[in-house]
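# Descriptive analysis of the structure
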Amino acid sequence: MISTNSTCEYCQIAGGYGKLLWETNHWNVYLAPSQRYLGTCVVALKRHCRDLSQVNNEEWIDFAQIVEKLEKSLTQTFQPTLYNWSCFKNSVFRDKNPNPEIHWHFIPRYHEPVHFEGISFPDPDFGYIPIPKKREIPVEVMEQLAIKIKDNIIKG
Ligand SMILES: [Zn+2]
């Protein structure tokens, strides 16, 4: 696994991307530490790579399968209204010697609040770009969330 100097405000964590959910040959899928938008994940390339233009064909094909599986899984789990996919890399460039890593933010968006394990998850920014504001949920709820998303990925 690659190390990271990232303190991306969307990922909300220094030195990592959260809880590893699933991996393919070329990408790791993490459950993001902040769940302001329920089901938010990070998809990170396993090798170091600065720009999307350096991602090779095999990695793109692999990524396309992750997009399909993740969207399908979330649709089965929480029926989001839409999905945001973003690749920013902005915050790392505030450093003197930026060392960006390719990682995608996968952010399900909801027109109506969703409920999970007795907790309500409204999307206060629906229709707009996601706000990098941290929303933590209890560890056991994170566990359940990870299991649910993972189960639906595996079931396909
Ligand atoms: Zn990030």
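Numbers given for residues are sequential positions, taken from 1 along each chain in its written order. Totals for whole chains, interfaces and linings use all residues, but because this is a predicted model, local features are given only for residues with pLDDT of at least 70 and pairs of side-chain atoms are given and counted only at 80 or more.

## Overview of the pairing of strand S5 (residues 103-109)
Formally: Neighbour counting defines burial: a residue surrounded by 20 or more other C-beta atoms within 10 Å of its own C-beta is buried, one with 12 or fewer is exposed, and intermediate counts give partly exposed, using backbone-placed C-beta atoms. Helix and strand assignments come from DSSP, with helices taken as H or I runs of at least 4 residues and strands as E runs of at least 2, each series counted from the N terminus. DSSP calls a pair of strands paired once it identifies at least 2 bridges connecting them.
The element S5 is extensively covered by neighbouring structure, given that six of its seven residues are classed as buried. In terms of strand pairing, strand S3 (residues 41-45) meets S5 through four bridges, oriented antiparallel. Each residue of the ladder has a partner; that of valine 42, found in S5, is histidine 105. Relative to S5, strand S4 (residues 82-86) runs antiparallel, the two sharing five bridges. When the bridges of S5 are listed, tyrosine 83 appears paired with proline 108.

## Thoughts on the sheet that holds S4
The pairing of strands in a sheet comes from backbone hydrogen bonds and takes either a parallel or an antiparallel form. Just so we agree on the cut-off: In this analysis an axis means a line fitted to C-alpha atoms, helices contributing only their contacting stretch, and an angle means the value between N-to-C directions, from 0 to 180 degrees. Here, residue contact means that the backbone-derived C-beta atoms of the two residues sit within 7 Å.
With antiparallel pairing, five strands are arranged side by side in an open sheet as S1-S2-S3-S5-S4. Every interior strand has two partners, whereas the edge strands, strand S1 (19-23) and S4, have only one. When the angles between neighbouring strand axes are averaged without regard to direction, this sheet yields 25°. Strands strand S2 (27-31), S3, S4 and S5 of the sheet are contacted by helix H1 (residues 57-78), whose axis makes an angle of about 25° with S2. Across the sheet, helix H2 (residues 139-155) is in contact with S1 and S2; its angle to S1 comes to roughly 5°.

## Things to note about H1
Quick reminder of the rule: Expected span of a helix, by definition, is 1.5 Å for each gap between consecutive residues, and there is one gap fewer than residues. The arc refers to the directions leading from the helix axis to the C-beta atoms.
Taking 1.5 Å per residue, 22 residues should reach 32 Å; H1 reaches 31 Å between its end C-alpha atoms and fits that length. Considered for burial, the residues of H1 that qualify are Ile66, Leu70, Ser73 and Leu74. The arc that holds the buried residues of H1, viewed along the axis, is 95°, so those residues lie on one side. Looking at H1, the residues exposed on the side facing more than 90 degrees away from the buried face are Asn57, Trp60, Ile61, Ala64, Gln65 and Glu68. Looking one or two residues beyond H1, the residue adopting positive phi is glutamine 79, at roughly 45°.

## Here's the deal with the nonpolar core
Keep this limit in mind: Any set of buried Ala, Val, Leu, Ile, Met, Phe, Trp, Tyr and Cys residues joined through C-beta atoms within 7 Å is what this text calls a nonpolar core.
Core analysis: the largest hydrophobic core is formed by 26 residues, its most contacted members being Val29, Tyr30, Cys41, Val42 and Val43. Going through the elements one at a time, S1, S2, S3, H1, S5 and H2 are the ones with two or more residues in this core. In terms of residues, this core owes the most to one element, S3, which gives five residues.

## Some details on the confidence of the model for the chain
To keep things clear, this is the line we draw: A residue's pLDDT is simply how confident the predictor is in it, with values from 0 to 100.
With 94% of its residues at a pLDDT of 70 or more, the chain shows a mean pLDDT of 91. Strand S7 (residues 119-121) holds the highest mean pLDDT among the elements of the chain, 98, whereas S1 holds the lowest, 93. Across residues 1-5 the pLDDT falls below 50, and counting only partners more than four positions away or on other chains, this stretch makes 10 contacts in the model.

## Examining H2
Over its 17 residues, H2 extends 24 Å from the first C-alpha to the last, a length consistent with the 24 Å expected when each residue adds 1.5 Å. In the stretch just after H2, glycine 156 is the one whose phi turns positive, near 65°.

## Quick notes on unusual backbone geometry
A positive phi is found at lysine 89, a non-glycine position, where the angle reads about 60°. Note on placement: lysine 89 falls in the loop between S4 and S5. At glutamate 117, a residue that is not glycine, the phi angle is positive and equals roughly 50°. Here glutamate 117 lies in the loop between strand S6 (114-116) and S7.

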